[in-house]
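Each chain, written out:
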Amino acid sequence: MVLKMNSWVIFAILALLVWGFWGFFPKLATNYISPRSVLVYEVIGAIIVGVAVLFLINFKPEVNAKGITFAILTGIAGTLGALFFIFAVSRGKTSVVVTTTALYPLITIILAFLILKEPITIKQGVGMIFAFAAMMLLST
């Protein structure tokens, strides 16, 4: 019997795997260069991926002021988060830093609840509490 997966599941698993390496590589990099330098080279890596994707898919950008604004804010938030992550991992234990920062979806869920009016079920709320408790247990 062949298990059929939704396309989003495949991409989510790929993101999980790649982000696992993304959380690990900075610790190795900061053993040799400063966190600021790591960020510069990380951005260069992102540009390489971005340019490759643009060439592979024959990309033509859409233009919408709100969409562009939120996309730029995404880049700013992601890059600042990466910088703070690199500083944290250069000073702390990788396992604790990654566990703590991996709880960023809690912020997303709260923002989606407050701004987008997306409901949070009791089961999801309990899961959020358990995630926070897990972070506390892993970081002590």
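What comes next is a walk through the structure. Small disclaimer: the values here were computed from a predicted structure and weren't measured. (Residues numbered from 1 in each chain as written. Predicted model: local features only at pLDDT ≥ 70, side-chain atom pairs only at ≥ 80, totals over all residues. Heavy atoms only, no water.)

## Describing the packing of helix 3 (residues 65–91) against helix 4 (residues 94–101)
So the rule is basically this: Angles run from 0 to 180 degrees between N-to-C directions of axes, and those axes are lines fitted to C-alpha atoms, restricted for helices to the stretch in contact. For helices the rule is a DSSP run of H or I covering at least 4 residues; for strands it is a run of E covering at least 2, with both sets numbered from the N terminus onward. Here the angle decides the label: under 35 degrees means roughly parallel, over 145 means roughly antiparallel, 65 to 115 means roughly perpendicular, and every other value means oblique. Crossing chirality is assigned from the near helix's rotation relative to the far helix, an anticlockwise turn below a right angle marking it left-handed and a clockwise turn marking it right-handed. Contacts were defined at the residue level, with two residues in contact if any of their heavy atoms lie within 4.5 Å.
Contact pair helix 3 / helix 4: the axes reach a minimum separation of 8 Å and the direction vectors enclose 150°. In terms of orientation, helix 3 lies roughly antiparallel with respect to helix 4. For the element pair helix 3 and helix 4, the recorded crossing hand is right-handed. Contact residues: helix 3 offers Phe85, Ala88 and Val89, while helix 4 offers Thr94, Val97, Val98 and Thr101.

## Observations regarding the packing of aromatic side chains
Here a ring pair, both rings aromatic, is described through the centre-centre distance and the interplanar angle of the planes. What counts is decided by this rule: Here the aromatic set is Phe, Tyr and Trp, taking the six-membered ring for Trp, and pairing holds for ring centres within 6.5 Å; pairs whose planes are under 30 degrees apart are stacked, those over 60 apart are edge-to-face, and all others are tilted.
Evaluated as defined, the whole model comprises three aromatic pairs. Each ring, one from Phe21 and one from Phe25, has its centre 5.6 Å from the other, and the planes form 35°; the classification is tilted. Residue Phe21 and its partner Phe25 are located together in helix 1 (residues 7–29), separated by four residues, close to a single helical turn. When the ring of Trp22 is compared with that of Phe85, the centres are 4.7 Å apart and the planes differ by 20°; the resulting orientation is stacked. Of the two residues, Trp22 sits in helix 1 while Phe85 sits in helix 3, which places them 63 residues apart along the sequence. Three or more aromatic residues link up through ring pairs in this structure, and these residues are Phe21, Phe24 and Phe25.

## Observations concerning the nonpolar core
What counts is decided by this rule: To define a nonpolar core, start from buried Ala, Val, Leu, Ile, Met, Phe, Trp, Tyr and Cys residues and group those joined through side-chain atoms within 4.5 Å. Whether a residue is buried, partly exposed or exposed follows from its accessible area with a 1.4 Å probe, protein chains only, as a fraction of its type maximum: under 20%, in between, or over 50%, in that order.
Val38, Leu39, Ala82, Leu83, Phe85, Ile86, Val89 and Val97 form the largest nonpolar core, which has eight residues in total. At the level of elements, helix 2 (35–57) and helix 3 are the ones that each hand at least two residues to this core. It is helix 3 that provides the largest number of residues to this core, a total of five residues. Among all residues touching Leu83, those that are not within four sequence positions of it are Pro35 and Leu39.

## Section: the environment of Met128
For Met128, the position within the fold is in helix 6 (residues 122–138). Taking the C-alpha atoms as reference, Met128 lies 14 Å from Thr101; in sequence the two are 27 residues apart. Excluding residues that lie within four positions of it along the chain, Met128 makes contacts with Leu106, Ile109, Ile110 and Ile120.

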